[in-house]
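Examination of the molecular architecture
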Amino acid sequence: METMQGKSVFGGVAIGPIAVFSKVDTTVRRESIDDADTEIERYHKASEDAKNQLQALYDKALKEVGEANAQIFEVHQMMLDDLDYVESVENIIRSENVCAEYACATTGDNMAEIFSSMDDAYMKERAADVKDITNRLIGVLSGKGASGMNATEPSILLADDLAPSETVQLDKSLVLSFVTRYGSTNSHTAILARTMNIPALIGVDYPENCEGKTAIVDGHKGTIIIDPDEDTLAQYRVKLEEQQKEKELLAKLKGKENVTKDGRKINIYANIGGVKDVASVLDNDAGGIGLFRSEFLYLESDDYPTEDEQFAAYKKVVEMMGGKKVIIRTLDIGADKQVGYFDLGKEDNPALGYRAIRICLTREDVFKTQLRAIYRASHYGTVSIMFPMIISLDEVKKCKEMAETVKNELDADGIPYGDVELGIMIETPAAVMISDVLAKEVDFFSVGTNDLTQYTLAIDRQNPKLDDFYDSHHPAILKMLKMIADNAHAGGAWAGICGELGADTTLTEEFLKMGYDELSVSPSMVLKVREKVRNADLS
Ligand code: PEP
Ligand code: MG
């Protein structure tokens, strides 16, 4: 029996045989060629074939895992046409008189290196996509077979890392858990595991030659046990049974109301980072979207997303939600979320610096573009807007003025928009202390407990050294939460929580007692929170 520690990216227990994912051999040789034009033509033909393969993968993924998860294959098709990529391959073939395989491999390595060295976490992860399309091209050029998992029964899948095109080709019914050596919390595999609701670990240095051995993945502890002894196996079988029962019970809660035994109702919404997350929101039967972190649109783009690009994304989410409420938070960049083209500059204390609404209120062009896009999308469903990092009444008034200006402009242009609630995030102690005043100005509050805890306890939420000091149940936070709900209601606003604490089921009853109207949590936590609500009795 061998136990290895990794980092859990999704909880749960899985028991089964190990299947090791085998990659296509993409090593290439530097072969000389005589005719560069013919070789470039061969490359373009391979690129066309690769795009056809990707189209087929897109179609397959669309049916199996929905549009949100299929989109990556559209992105890969576009990456194959990326001018920098194409020009680099052509230049290498022509200037070095080498084969297309070698030119693609060199280009892929160079571009992946550039992405990996970027500070931005999202851009870093694009390195995996460049490698993925490059391997596909090499596979087509050299006629090598496909990568895959050699399993005939449900198995624990071990891999160095899994590219999106590799995960979609997997027969999902055969995957009990993902365990990878590399990858990050936000990697595609982690996202897929959350969507599939199966345990997943990253950073596990598993031994070679373990194919077929029995293993246990404990997604709560972040461990994998290979060749477990009978006692351990028996203990985990009990846990697995409990987990299975819990899943069945939770699934039965789909379509049920979020109501306590004594009749108190609450809305349970979900948090998303973009269009790709909506499938999971719907699958988990969330009542709406309580936090759409719109900054991901900016993080995913290498220039300011235009009004039309933003409109398309918001409209898609709004339409997919079919009339259910979608609360779009305006741009919250700065601090840990750096976007190169904003040129924000280095700051000594970025969490206390030029971020979120402070940027919007000083960059009218950026703010207006986003608000116009959101208002336009509001015509297609139910949209609310909330402003992050508010510290003063003056800021709220300025945000409202800007919203009015945008509406007037849309009226003048004859562009329709819906009724849009305006709210603010309460995530600074200043906003808490003047929440009585702010409540009279807005339709709702949504408490960002992640930042509120950071600013109240003076603990950098990004610093792992301070994990032991970060007490999310600190009495100061709980007192503030009560004060916020009371002041919201006294001022005629409704109150929700969209920070991580909203999903802490040890506090669900407390939140209900405080009078919260809404909790917005990650999609996979919606049914758990619903269960907690339905078991609560406040009388
Ligand atoms: C929060 O601060 O609690 C919040 C929901 O916003 P973010 O985590 O995006 O800063
Ligand atoms: Mg925040």
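In the block above lies the structure referred to throughout.
All values derive from a computational prediction rather than experimental measurement. (Residues numbered from 1 in each chain as written. Chains lettered and ligands numbered in written order. Predicted model: local features only at pLDDT ≥ 70, side-chain atom pairs only at ≥ 80, totals over all residues. Heavy atoms only, no water.)

Taken as a whole, this structure holds 34 salt bridges when the rule is applied. The salt bridge involving Arg30 is made with Glu96; its shortest N-O contact spans 2.5 Å. Placement of the pair is Arg30 in the loop between strand S3 (13–22) and helix H1 (36–80) and Glu96 in helix H2 (residues 83–96), with a sequence separation of 66 residues. Note that Asp394 is salt-bridged to Lys398, the shortest N-O span being 3.0 Å. Here Asp394 and its partner Lys398 are both found in helix H13 (residues 393–413), four residues apart, which amounts to about one turn of the helix. Residue class for Lys398 comes out partly exposed when judged on its relative accessible area of 40%. (Salt bridge = Lys/Arg side-chain N within 4 Å of Asp/Glu carboxyl O. Helix = DSSP H or I, 4+ residues; strand = E, 2+ residues; numbered from the N terminus. Buried < 20%, exposed > 50% of the residue type's maximum accessible area, 1.4 Å probe, protein only.)

Below, the discussion takes up the environment of Ala68. Locating Ala68 in the fold gives a position in helix H1. With sequence-adjacent residues up to four places away left out, Ala68 is seen in contact with Val275, Lys276, Asp277 and Ala279. (Contact = heavy atoms within 4.5 Å.)

The next subject is the coordination of the magnesium ion (ligand 2). At 2.1 to 2.2 Å from the magnesium ion (ligand 2) lie its protein donor atoms, namely Glu427 (OE) and Asp451 (OD). Within this pair, whereas Glu427 is found in the loop between strand S14 (421–426) and helix H14 (429–433), its partner Asp451 is found in helix H16 (residues 449–457), the two being separated by 24 residues in sequence. You'll find Glu427 and Asp451 in the same group, each marked buried. (Donors = N, O, S within 2.8 Å, 3.2 Å for Na, K, Ca; no water.)

This paragraph deals with helix H17 (residues 475–490). Taking 1.5 Å of rise per residue, the 16 residues of H17 would be expected to cover 22 Å, and the 23 Å separating its terminal C-alpha atoms lies within 8% of that figure. By the burial criterion, the buried members of H17 are Ile477, Met480, Leu481, Ile484, Ala485, Asn487 and Ala488. Downstream of H17 by a residue or two, Gly492 has a phi angle that is positive, lying close to 85 degrees. (Expected span 1.5 Å × (residues − 1).)

Taken together, 14 residues lie near ligand 1, and Arg293, Arg329, Gly448, Asn450 and Arg461 sit nearest. Asn450 is positioned such that a nitrogen or oxygen atom in its backbone is 2.7 Å from an oxygen atom of ligand 1. Surface burial for ligand 1 is 97%, taken as the share of its 290 Å² of free accessible area covered by protein chains. Taken together, the elements giving at least two residues each to the shell around ligand 1 come down to strand S11 (288–293) and H16. Looking at the shell around ligand 1 element by element, the count peaks at three residues for H16. Considered class by class, the residues forming the shell around ligand 1 number three nonpolar, four polar and seven charged. (Near = heavy atom within 4 Å. Polar contact = N/O pair within 3.5 Å; in protein donor to acceptor, adjacent residues only side chain to side chain. Areas by Shrake-Rupley, 256 points an atom, 1.4 Å probe, with all protein chains shown as cover. Nonpolar A, V, L, I, M, F, W, Y, C, P; charged D, E, K, R; others polar.)

Contact pair helix H12 (residues 364–378) / H13: the axes reach a minimum separation of 10 Å and the direction vectors enclose 60 degrees. Here H12 lies oblique to H13, going by the angle between them. The handedness of the crossing between H12 and H13 comes out as right-handed. When H12 is examined against H13, the residues Glu364, Phe367, Lys368, Leu371, Arg372, Tyr375 and Arg376 are found in contact with a partner set consisting of Cys399, Met402, Ala403, Thr405, Val406, Lys407, Glu409, Leu410 and Asp413. A per-class count over the contact of H12 with H13 returns eight nonpolar, one polar and seven charged. (Axes fitted to C-alpha atoms, helices over the stretch in contact; angles between N-to-C directions. Parallel < 35°, antiparallel > 145°, perpendicular 65-115°, else oblique. Left-handed = near helix turned anticlockwise from the far one by under 90°.)

Once that is clear, we can look at the packing of helix H3 (residues 100–116) against helix H4 (residues 121–142). It is at 8 Å that the axes of H3 and H4 come closest, and there the two elements cross at 175 degrees. Overall, the two elements H3 and H4 adopt an arrangement that is roughly antiparallel. Touching Ala100, Glu101, Cys104, Ala105, Gly108, Met111, Ala112, Phe115 and Ser116 of H3 are Met123, Lys124, Arg126, Ala127, Val130, Lys131, Thr134, Leu137, Ile138, Leu141 and Ser142, all from H4.

This next bit is on the packing of aromatic side chains. Going through the model one piece at a time under the given rule, you end up with 10 aromatic pairs. When the ring of Tyr298 is compared with that of Phe342, the centres are 6.1 Å apart and the planes differ by 50 degrees; the resulting orientation is tilted. Of this pair, Tyr298 sits in helix H9 (residues 295–299) while Phe342 sits in the loop between strand S12 (325–329) and helix H11 (357–362), and the two are 44 residues apart along the sequence. Across this residue pair, the class does not change: Tyr298 and Phe342 are buried. An angle of 55 degrees between the planes, with centres 6.0 Å apart, marks the rings of Phe311 and Tyr380 as tilted. Taken as a pair, Phe311 in helix H10 (residues 307–320) and Tyr380 in the loop between H12 and strand S13 (382–387) lie far apart in primary sequence, 69 residues in all. Look at Phe311 and you get buried, because its relative accessible area is 14%. Looking at Tyr380, the relative accessible area reads 36%, which means it is partly exposed. Sitting over the face of the ring of Tyr206, Arg181 holds its NZ or CZ atom 4.0 Å from the ring centroid. Lying across the ring of Tyr380, Lys315 places its NZ or CZ 4.8 Å from the centre. (Phe/Tyr/Trp six-rings, centres within 6.5 Å; stacked < 30°, edge-to-face > 60°. Lys NZ or Arg CZ within 6 Å of the ring centre and 35° of its normal.)

Below, the discussion takes up the environment of Asp132. Among the structural elements, Asp132 can be located in helix H4. C-alpha separation for the pair Asp132 and Glu166, spaced 34 residues apart in sequence, amounts to 8.8 Å.

With that settled, consider the nonpolar core. Counting 81 residues, the largest nonpolar core has Phe342, Phe387 and Tyr516 as the members making the most contacts within it. Among the elements that make up this core, the one with the highest residue count is H12 (seven residues). Beyond its immediate chain neighbours, meaning those up to four positions away, Phe342 contacts Tyr298, Tyr304, Leu331, Ile333, Ile359, Arg363 and Val366. By size, the runner-up hydrophobic cluster in this structure holds 36 residues, among which are Ile72, Leu80, Val98 and Leu141. (Core = buried A, V, L, I, M, F, W, Y, C linked by side-chain atoms within 4.5 Å.)

Read these as geometric descriptors, not functional statements.
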